[in-house]
Every structure is written in structure tokens, then in C-alpha cells.
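Spelled out, the chains give:
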Amino acid sequence: MAEGYKVKAVELVRRNIEVFRQRDPEADVVQGDARDLSFIPSDSADATLLLGPLYHLIGEEKKLKALREARRVTKPGGLIFVAYLMNEYSILSYCFDEERIGDFLARGIVDHDFHIQTQEGELYDYVRLEDIEIVDGESGIKCCKQVECHNSKFYGKYPWWHVDGSLITNCYFAPGSRSAIWYSDDMVMRDCVIDGPKFFREMKNVTLENVKITDADETFWRIDGLKIKNVELHQGTYPFMFSKNIYVDGLVSDAKYVFQYCQNVEIHHAKITTKDSFWECDNVVIYDSELHGEYLAWHSKNIRLVRCHISGEQPLCYSDGIVLEDCTFDAACDRAFEDCTNVDARIKGTITEVKNPISGRIQADNIDRLTMDQFAKGHVASTSDDGNSLTFEPNR
């Protein structure tokens, strides 16, 4: 327009028209479909630009309709410019960069020659939302797939259900947005703040990075395939209940009763403060972390702690397959390893009390007190000269 051309813009999406007019209030822009430009006279345009229809329309006939309309409204000898998305760009940026390529190959969205195979039903599958607000109400976004949402705010409850293949960045979820994200597989969330409870339920392949959750009540329930990096959990009860295949690198949590009934968990660089964490779990490995709170890892199997610091009463009881490598204990850690089997513990520094283990080996720089009372199901099989390396066997 600045060069002296008179421009008429045709846009299908109302929101895009609003953005267009914000940038140029005097713009001549109308809502319409490139396949039907009957409101524009024939042979009236010096140049026609198709800047979207041919990579949004599905099927040859629909694309040909848009091309025929462009030819009709363009003067003889005029120019028609067509924009198209390169397959290579989509494969590299969306499939590989967003780590979706494996899933898309399995589902036939991408063939084995790395060409995207778009289907008719996917015309509106790939949606980008930006700078929106979902206000009071229910189920603002539901039963969708391949949705991106950026710089947006959510206030109503249940706003994001049954949405597969989503990316959420720089968004805010208010306290009223309870139970906001459920039943949504293959989700990535980055740089968000969540003030609502009961997020993430019954989902597969969930990734969170740089996310703060201020009310973690009943969050991450029954998730299969959870990756979190630099995440904070505050308040609430029972996060991670019944979840499996979890990888954590960077977690600060003061929510209560975290990681119960979980399977296949690997954690790095965490600070967890609560009682009753890691109950009824199977196959958990924790590296370089602080675990504060009484009754750690009761009734669990195959728990391995590496270079961790443990505090709180009665840690690691009634469990099978406890392995500790270079861990330290707070002075308040009394009655540790009660009724445990197959213990292999190498402890740096002092442990206040070991009570009634059934089988295995416990070694520390100093064991202040060993308690084997009338309820013990095992006995000391051997001890070092200094009394700080003990092996145990079950009673016969």
C-alpha cells in the first residue's frame, strides 16, 4: 500500500482479520474463502497472491478451485503468486525439533521417505492459539489434536481435555482452572505457571519444562511417560499417584505424599520435602537429591538412592531391594530399614539407628545404634570389628 497499490485482502479466520486491522486500521480486508471470490469482479486485479490456501486446502480439486478463482479475478497478463510450505521444513521443524517423528511415522502421518501424508480429516488439526483468554465456563478446548497455545490465560475449569499432540508455552492457569488438562496425550508444556489443582490426569507422553505449580493437589495421576525438567510443586496432596515411566531432572516439591504407587522412576537433582513419599513404588532410582520427611519409601521394591541426603524419622522400612550408594543421613533418621529385605547400603557419615532389618548388608562410617528386638524377623550374620559394617539374614 505504501508503494501506491490498492490492496484487498481476503482472510478465512476472523481472529487474523482482527490482527490485520490492528496493524493497519484502514486496510480493506474481508472474511472469505479463496475457492469462492464471487464478490470480486473478473479481470480486476493486476496481481493476485495466494499466501495460504494451497497448503491448507486438502485435495487437488479444492486447490484447483482456488487457482481458478485467482485466475478469474486477475487481469490478462497479470501476475499470480503462490506460497507453499516445503515438506523439508515441516519435517525438520515440527517433526524432529518437537520430537514427534517417531509417533508420526507409527501413525502414518509421515511416510518412510519422510513426506507428510495429510488426510482430509486433518484440515483443522494443526491449530495455533496465541494471546487468548479462556474465561469462566467449561471445556473451552476439547477433542482436538496438534494444537499450539502461546502467551495465553485460562480461568475456567476443564479447558483442555482430549487434546492430543499439543504444545503450551508461556501460559497462565488461574485457580479456577481446576482439572484443566486431562486425557491429552503427547503434550509439551514450557515456561508456564499453574495455580489450579488436579492437572494432568490419564495421559501418555507428557513433558514439562520450567513450570511452577502452586497447588499440586492430585496432579500427575495415572500418567504413562512423564518427563519434567526444572519444575516446582507446592501444596496439595498425592502428586504422581499411579504414574509410571517417569524421568525428572530438577524438581522442588513441598507437596504432600508425592510418588505413591509409581513404577519406573528416575530422578536427578530434586529437593523433596514431605512425609510418606515413594510408598508402594517399584523400580525407583534417585541421584544427587535431598529427601526430607519421615517414612520415606515404605512398602516399596527396588529403590536405589545415589549420593542423596535423607532426613526424617523411620526412613526405608518394610521394603525389598533397597540400595544406597554414598548417601548421608540426618541425625533424626532413627529406626531405619525395619523389616527390609535385600538391603545393600553404603552410608557416608553417621546413621543414628538401624532397626530390625531382615536381610542384606549395611555399612556406614558410624552406626550409632543397632536395635534387634523380639519382633525382629532377621538376625546379624556378621559384623566388622568396629561394628559399622553388618550383614543380616532372615530367621529360620
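Scoring rules and cut-offs
Residues numbered from 1 in each chain as written. Predicted model: local features only at pLDDT ≥ 70, side-chain atom pairs only at ≥ 80, totals over all residues. Heavy atoms only, no water. Helix = DSSP H or I, 4+ residues; strand = E, 2+ residues; numbered from the N terminus. Rg over C-alpha atoms; globule rule 2.2 N^0.38 Å. Buried < 20%, exposed > 50% of the residue type's maximum accessible area, 1.4 Å probe, protein only. Areas by Shrake-Rupley, 256 points an atom, 1.4 Å probe, with all protein chains shown as cover. Lys, Arg positive; Asp, Glu negative; His and termini not counted. Charge placed at Lys NZ, Arg CZ, Asp CG, Glu CD. Salt bridge = Lys/Arg side-chain N within 4 Å of Asp/Glu carboxyl O. Contact = heavy atoms within 4.5 Å. Polar contact = N/O pair within 3.5 Å; in protein donor to acceptor, adjacent residues only side chain to side chain. Phe/Tyr/Trp six-rings, centres within 6.5 Å; stacked < 30°, edge-to-face > 60°. Lys NZ or Arg CZ within 6 Å of the ring centre and 35° of its normal. Core = buried A, V, L, I, M, F, W, Y, C linked by side-chain atoms within 4.5 Å. Disulfide = S-S within 2.5 Å. Pairing = 2+ DSSP bridges.

Student: Pulling in residues and values, what's your account of the overall build of the protein chain?
Tutor: A count of helices and strands for the protein chain gives 5 helices and 27 strands. Over its C-alpha atoms the protein chain spans a radius of gyration of 30 Å, topping by over 25% the 21 Å that the globule rule assigns to 396 residues. With the C-alpha coordinates aligned to their principal axes, the bounding extent of the protein chain is approximately 100 × 45 × 35 Å. Counting the 396 residues in the protein chain, one finds 45% classified as buried. As displayed, the protein chain has an accessible area near 20,300 Å², and 48% of this comes from carbon and sulfur atoms. Positive and negative side-chain charges in the protein chain, numbering 45 and 66 respectively, have mean positions lying 5 Å apart.

Student: Explain the pattern of salt bridges to me, using residue names and the numbers behind them.
Tutor: For the coordinates displayed, the defined rule picks out 17 salt bridges. The salt bridge partner of E61 is R68, with a shortest N-O separation of 3.3 Å. Overall, the relative accessible area of 44% leaves E61 in the partly exposed class. Owing to a relative accessible area of 47%, R68 belongs among the partly exposed residues under this scheme. Note that R304 and E325 form a salt bridge whose closest N and O atoms lie 2.8 Å from each other. In this pair, R304 is assigned in strand 21 (residues 301-306) and E325 in strand 23 (residues 320-329), connecting sequence segments 21 residues apart. Note on R304: relative accessible area 28%, which makes it partly exposed. Through salt bridges with shared partners, a single network forms among K198, R201 and E218.

Student: Could you give an account of the side chain of S277, with specific residues and numbers?
Tutor: Position of S277 relative to the elements: it lies in the loop between strand 18 (263-273) and strand 19 (282-287). In contact with S277, other than residues within four places in its own chain, are V258, F259, Y295, L296 and A297.

Student: Give me the lowdown on the environment of S253, citing residues and values where you can.
Tutor: Along the chain, S253 turns up in strand 17 (residues 244-253). Spatially, the C-alpha atoms of S253 and T48 are 57 Å apart, while their sequence positions differ by 205 residues. Those residues in contact with S253 that sit more than four places away from it in its chain are L233, V258, K271, I272 and T273. Of note is the side chain of S253, whose polar atom sits 3.3 Å from the backbone nitrogen of A255.

Student: Give a description of the packing of aromatic side chains that names residues and reports values.
Tutor: The description of an aromatic ring pair rests on the distance of the ring centres and on the angle between the ring planes. All chains considered together, the criterion is met by 18 aromatic pairs. Within the aromatic cluster, the residues linked to one another by ring pairs are F154, W160, F173, F199, F200, F220, F240, F259 and F278. Sitting above the plane of the F242 ring, R222 keeps its charged end 4.4 Å from the centroid.

Student: Describe the nonpolar core, listing the residues and the values that go with them.
Tutor: Generally speaking, nonpolar side chains in soluble globular proteins are found buried as a group. In terms of nonpolar packing, the biggest core is built from 73 residues, with F200 and F337 touching the most fellow members. The next biggest cluster of nonpolar side chains, apart from the first, holds 6 residues, and it includes I91, C95, I101 and F104.

Student: So what's going on with unusual backbone geometry? Which residues, and what values?
Tutor: In this structure, A297 is a non-glycine residue whose phi angle is positive, near 55 degrees. Residue Y318 is not a glycine yet carries a positive backbone phi of 60 degrees. Structurally, Y318 is set in the loop between strand 22 (309-311) and strand 23.

Student: Please set out the state of the cysteines residue by residue, giving values where relevant.
Tutor: In the structure shown here, the tally under the stated rule is 0 disulfides. Left without a disulfide partner, C171 is nearest to the cysteine sulfur of C149, which lies 4.0 Å away. C281 forms no disulfide, and the closest cysteine sulfur to it belongs to C262, at a distance of 4.7 Å.

Student: So what about the pairing of strand 8 (residues 147-150)? Which residues, and what values?
Tutor: Going residue by residue along strand 8, you find V147 and C149 tucked away on one face and E148 and H150 tucked away on the opposite face as well. Both strand 5 (residues 127-130) and strand 8 contribute to a ladder of 4 bridges, which runs parallel. Counted as the bridge partner of V127 is V147 from strand 8. Of the strand pairs in this sheet, strand 8 and strand 11 (residues 166-169) are connected by 3 bridges, and their pairing is parallel. When the bridges of strand 11 are listed, C149 appears paired with I168.

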